[in-house]
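Spelled out from the first residue to the last, the chains are:
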Amino acid sequence: MIIAHLSDLHFDDDPRAEDRVAAVMAWLGGLAKPIDAVVVTGDIADHGAASEYARAAELMKHPAPVLMCPGNHDVRAAFRAGLLDRPPSDDPINLAHEVGGVLFAMCDSTIPGRGAGFLADETLDWLDDVLAGGDGPAFVAFHHPPVEVGVPLVDAIRQTGEERLAAVLGRHPRVVALLAGHVHTGASTTFAGVPLRIAPGVVSGSLLPVEPGADRGWAEGGPLEYDRPPSLLLHVLHDDGRVTSHQRVVSG
């Protein structure tokens, strides 16, 4: 199984974000063999406006299932109406999908009105139940990483309460990897003994403190790079349960 993993699209009224997403989707459409799923780990919209989700719904079409969870820039009610064709609601958006015998548990790690992340008790209870429903491979996806990754901008607003997530994962060894976004740079680490793969941002890239420009203030554009081309991860799920991740840059 091959999974495309995108994050942080940030649709807004500027065509720049749309052009970058369109380039990524065109690149996926030009692959020699079809992929099995597209996972998008949040911040689909920049302001949570209905118009942003309408454009995302138009541009994010793909023959494979496109699975999304919200990020801190998303608004639950508008996300539901614009991307899921469901009645607006402010409840957490938790969705389970099975693709080719593999479970994708898409979790809502957002706190409405805040940048930081937290998995609500109802989300963790839902995740526990979903993972208990089988023994095949499972991916658990959310926007906010549950650990620090060395990027101060996002470490300050990462997912907290992570010991509760670790307890759930400890009961379900079927989880082969955790998928996240939020950081705007591709990164790989572990959490609770499980691989954690963080997708780069489609809209922009973030800078580590050792890189030139990382000390820029927000008036100067912040510690972000907007000229960096969009990129994504391709995850390969092997028959033995291993996950190999490849980062690809989409140019021109």
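To be clear, the structure that these remarks concern was listed above.
Here we summarise the structure given alongside this text. No experiment lies behind these values; they were computed from the predicted model shown. (Residues numbered from 1 in each chain as written. Predicted model: local features only at pLDDT ≥ 70, side-chain atom pairs only at ≥ 80, totals over all residues. Heavy atoms only, no water.)

### Quick word on helix 6 (residues 162-170)
Move 1: When we look at burial in helix 6, the residues that qualify are Glu-162, Leu-165, Val-168 and Leu-169. Along helix 6, the residues classed as buried sweep out an arc of 110° about the axis, all on the same side. When the buried face of helix 6 is taken as reference, the exposed residues oriented beyond 90 degrees from it are Glu-163 and Gly-170.
Move 2: On its buried face, helix 6 is in contact with helix 4 (121-131), strand 8 (159-160), strand 9 (175-180) and strand 10 (187-191). (Buried < 20%, exposed > 50% of the residue type's maximum accessible area, 1.4 Å probe, protein only. Helix = DSSP H or I, 4+ residues; strand = E, 2+ residues; numbered from the N terminus. Arc of directions from axis to C-beta. Contact = heavy atoms within 4.5 Å.)

### Quick look at the environment of Gln-159
Move 1: Its location among the elements puts Gln-159 in strand 8.
Move 2: According to the relative accessible area criterion, Gln-159 is buried, its value standing at 0%.
Move 3: Separated by 46 residues in sequence, Gln-159 and Gly-113 place their C-alpha atoms 15 Å apart.
Move 4: Other than its neighbours up to four places away in sequence, Gln-159 contacts Ser-109, Gly-117, Phe-118, Leu-119, Phe-142, His-144, Pro-145, Pro-146 and Leu-165.
Move 5: Of note is the side chain of Gln-159, whose polar atom sits 2.8 Å from the backbone oxygen of His-144. (Polar contact = N/O pair within 3.5 Å; in protein donor to acceptor, adjacent residues only side chain to side chain.)

### Re the sheet that holds strand 14 (residues 231-237)
Move 1: Spatial strand order, 3-2-1-14-15: five strands in an open sheet with mixed pairing. Two strands in the sheet have a free side with no partner beyond their single neighbour: strand 3 (66-69) and strand 15 (243-249). Within this sheet the neighbouring strands show an average axis-to-axis angle of 25°, counted without direction.
Move 2: Relative to strand 2 (residues 37-41), strand 1 (residues 2-6) is paired through four bridges, and the arrangement is parallel. In the sheet register, His-5 faces strand 2, and the bridge partner there is Val-39.
Move 3: Taken strand by strand, helix 1 (residues 15-29) contacts strand 1, strand 2, strand 14 and strand 15, and its axis lies near 35° from that of strand 14. (Pairing = 2+ DSSP bridges. Axes fitted to C-alpha atoms, helices over the stretch in contact; angles between N-to-C directions.)

### Some details on the pattern of salt bridges
A pair can form between side chains of opposite charge whenever their charged atoms are brought close.
Move 1: Overall, the coordinates contain eight salt bridges when judged by the stated rule.
Move 2: A salt bridge links Arg-55 to Glu-58; the nearest nitrogen and oxygen atoms lie 2.2 Å apart. In this pair, Arg-55 and Glu-58 are both assigned in helix 2 (residues 50-59), three residues apart and thus about one turn of the helix distant.
Move 3: On the basis of relative accessibility, which here comes to 27%, the residue Arg-55 falls in the partly exposed class.
Move 4: On the basis of relative accessibility, which here comes to 45%, the residue Glu-58 falls in the partly exposed class.
Move 5: A salt bridge links Arg-171 to Asp-128; its shortest N-O distance comes to 2.8 Å. Residue Arg-171 is found in the loop between helix 6 and strand 9, and its partner Asp-128 is found in helix 4; the two are separated by 43 residues along the sequence.
Move 6: Its relative accessible area of 48% is what places Arg-171 among the partly exposed residues.
Move 7: The structure contains a network of salt bridges with shared partners spanning Glu-18, Arg-55 and Glu-58. (Salt bridge = Lys/Arg side-chain N within 4 Å of Asp/Glu carboxyl O.)

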